[in-house]
Amino acid sequence: MVVLTVESFLLNDVFTNGIIGPHTRMLGPVADGGRIKFITAPGCWGPMITPTLRGGHEVNVPVAIEGADVGDAIAIYVESIRVRSRATSSGVDRFVEGAYVGDPYVAKRCPKCREPWPEFVVEGVGVEAITCRKCGAPTSPFRMVHGYTMVFDEGYRVSVTVSEKVAQEIARNAYEWGAIPKNSKQVPVLIIGKADLVGVVARVRPFLGQLGTVPSVDIPDSHNAGDFGYMLIDAPHPYRITKEQYERDLTDGHLDVDSVREGSIVIAPIKVKGGGVYAGDAHAMQGDGEVAGHTTDVSVEAEVRVEVIKGLSIDGPLLLPLEDDLPPLAKPWRRDEWELVLRLAKKYGIEPEPVAPIRIIGSGPNINEAAKRGFERAAKLFGMSYEEVLNRVTVSGAVEIGRLPGIVQVSMQVPIRMLEKLGIADIVIKHYKLPY
């Protein structure tokens, strides 16, 4: 009999080959209430141009949590995020015909010799420097049609896009500038050396694009969401799934919601024993929608604390962002405001219910379907009618785009009594320092 040692702290600097699910090896277990420090690899472009990686991203190996069973949930407290990369690159992509089967993120192949997930060599800079070891042809399934290279100040507060000359210098030392972790298998995107935008400045506001639990079907990591996951239904490659698996097994761990940053809490569903908490796809900044399809991939050091919530069965993630990241109507009531509410309600013989902000993630093949799914998840979770959810979101919340084409954030004020029934009232009240 093998006895596993439960750890209160775990350093995770190892990565999958892009596939996550019930057959993925897990680290741990980590104690309920314990901490995990993730050293993440840059998420999108590097894995996208690396012919041997199968997931579209390169996420950390999942971690089992003690006492986490199917039908429970895990509260993941994001305690810190520190950027490690000194530079990043991103841009709008174009698929290379013949270099994939059905899905360029997942089923890569050499466009010349048709070798699937071909071994490769890198000589020089530029995306065409990545060539098939077998036949020598350029083998990346993506090209960057309009992109940039960006550097950060020492305090990681601001950034600026650089000239072609500087981008080429960075490309020649891409692993160092990108702070690529030693266990990562990706080719850094900085090797492309793109500089179509020069002198564009941006604030640094890091967050985790992937943070959650593993799905109950083996799928590519970047497709663990309702929009990208839709591409797997009856797909022409080994990672195809059925429509039933799509609707049942995903956990929406690939959010790309920019409020999953330091100080936030993600409450994730558990669909395999142990949960399998994983992280990755960190970005230096992102506007809502991620409209270019990709943003500033960076390596980060992120520390999280995990707590099992027994008996909380949810279909997708809940998010408790920082108060600053909530829409105006969803912000928590403060004592002086609530006193005004009580006086107004008393005048008309009404006793108002104390409420708290909750954000429900909705996902689907497009924004409308994602919003509908978010409303449905809220109705099911809180025992409301669909129409009641619509009204509550309209007057005490908002729908915001997480990522195009199909991740939304449904924020709303929910009665405390409903949160108590779910076992999360204490978490929410403490997080927002509510006056009730």
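Use the structure listed above.
Owing to the predicted nature of the structure, the values given are computational and were not obtained by experimental measurement.

**Looking at unusual backbone geometry**
For the bond running from Gly28 to Pro29, omega is 10°, close enough to zero to count as cis. Residue placement: Pro29 occurs in strand 3 (residues 27–39). Cis geometry is found at the peptide bond from Leu404 to Pro405, where omega equals 15°. Relative to the elements of secondary structure, Pro405 occurs in the loop between strand 19 (398–403) and strand 20 (407–415). In this model, Trp117 sits at a positive phi of 40°, which is unusual for a non-glycine residue. The residue Trp117 is located in the loop between strand 6 (87–95) and strand 7 (120–122) in this model.

**Observations concerning the layout of surface pockets**
In this structure, the largest pocket occupies an estimated 300 Å³ of space. For the largest pocket, the lining is made up of 15 residues, of which Trp333, Trp338, Val355, Ser396 and Gln413 are closest to its centre. Within the residue set of the lining of the largest pocket, elements represented by two or more residues are helix 5 (335–347) and helix 7 (386–396). Here the residues of the lining of the largest pocket are counted per class, giving nine nonpolar, two polar and four charged.

**A closer look at the packing of aromatic side chains**
With the rule as written, the count across this model stands at 12 aromatic pairs. Here Phe95 and Tyr105 contribute two aromatic rings whose centre-to-centre distance is 6.4 Å and whose plane-to-plane angle is 85°, an arrangement assigned as edge-to-face. Taken as a pair, Phe95 in strand 6 and Tyr105 in the loop between strand 6 and strand 7 lie far apart in primary sequence, 10 residues in all. By relative accessible area, which is 33% here, Phe95 ends up partly exposed. When the ring of Trp117 is compared with that of Tyr239, the centres are 6.4 Å apart and the planes differ by 65°; the resulting orientation is edge-to-face. Taken as a pair, Trp117 in the loop between strand 6 and strand 7 and Tyr239 in the loop between strand 13 (219–220) and helix 4 (243–249) lie far apart in primary sequence, 122 residues in all. A residue is classified by how much of its surface remains accessible, and Trp117, at 16% relative accessible area, is buried. Chaining the aromatic ring pairs together yields one cluster made of Trp45, Phe95, Tyr100, Tyr105, Phe142 and Phe228. The ring of Trp117 carries Arg54 above its face, with NZ or CZ at 3.6 Å from the centroid.

**Quick look at the side chain of His57**
Mapped onto the elements of the fold, His57 is located in the loop between helix 1 (45–49) and strand 4 (63–65). Note on His57: relative accessible area 2%, which makes it buried. If near-sequence neighbours (up to four positions away) are discounted, His57 is found in contact with Gly18, Gly43, Cys44, Pro47, Gln210, Asp221, Ser222, His254 and Asp281.

**Remarks on the pattern of salt bridges**
Applying the stated criterion across every chain yields a total of 27 salt bridges. Measuring nitrogen to oxygen at the nearest pair gives 3.3 Å for the salt bridge that ties Glu176 to Arg86. Of this pair, Glu176 sits in helix 3 (residues 174–178) while Arg86 sits in the loop between strand 5 (73–83) and strand 6; the two residues are 90 residues apart in sequence, bridging distant segments of the chain. By relative accessible area, which is 51% here, Glu176 ends up exposed. Arg305 is paired through a salt bridge with Glu307; the nearest N and O atoms lie 2.6 Å apart. Note on Glu307: relative accessible area 25%, which makes it partly exposed.

**With respect to the side chain of Asp258**
On the secondary structure map, Asp258 appears in the loop between helix 4 and strand 14 (265–269). Among the polar contacts listed, one links the side chain of Asp258 to the side chain of Arg205, at a separation of 3.5 Å. Among residues more than four places away in sequence, those in contact with Asp258 are Arg205, Phe207, Gln286 and Asp288.

Criteria and thresholds
- Residues numbered from 1 in each chain as written.
- Predicted model: local features only at pLDDT ≥ 70, side-chain atom pairs only at ≥ 80, totals over all residues.
- Heavy atoms only, no water.
- Helix = DSSP H or I, 4+ residues; strand = E, 2+ residues; numbered from the N terminus.
- 1 Å grid on protein atoms, 1.4 Å probe; cavity = no way out; pocket = protein on both sides within 12 Å on 5 of 7 lines; lining within 4 Å.
- Points joined across faces, edges and corners; volume = space filled by probe spheres on them.
- Nonpolar A, V, L, I, M, F, W, Y, C, P; charged D, E, K, R; others polar.
- Phe/Tyr/Trp six-rings, centres within 6.5 Å; stacked < 30°, edge-to-face > 60°.
- Buried < 20%, exposed > 50% of the residue type's maximum accessible area, 1.4 Å probe, protein only.
- Lys NZ or Arg CZ within 6 Å of the ring centre and 35° of its normal.
- Contact = heavy atoms within 4.5 Å.
- Salt bridge = Lys/Arg side-chain N within 4 Å of Asp/Glu carboxyl O.
- Polar contact = N/O pair within 3.5 Å; in protein donor to acceptor, adjacent residues only side chain to side chain.

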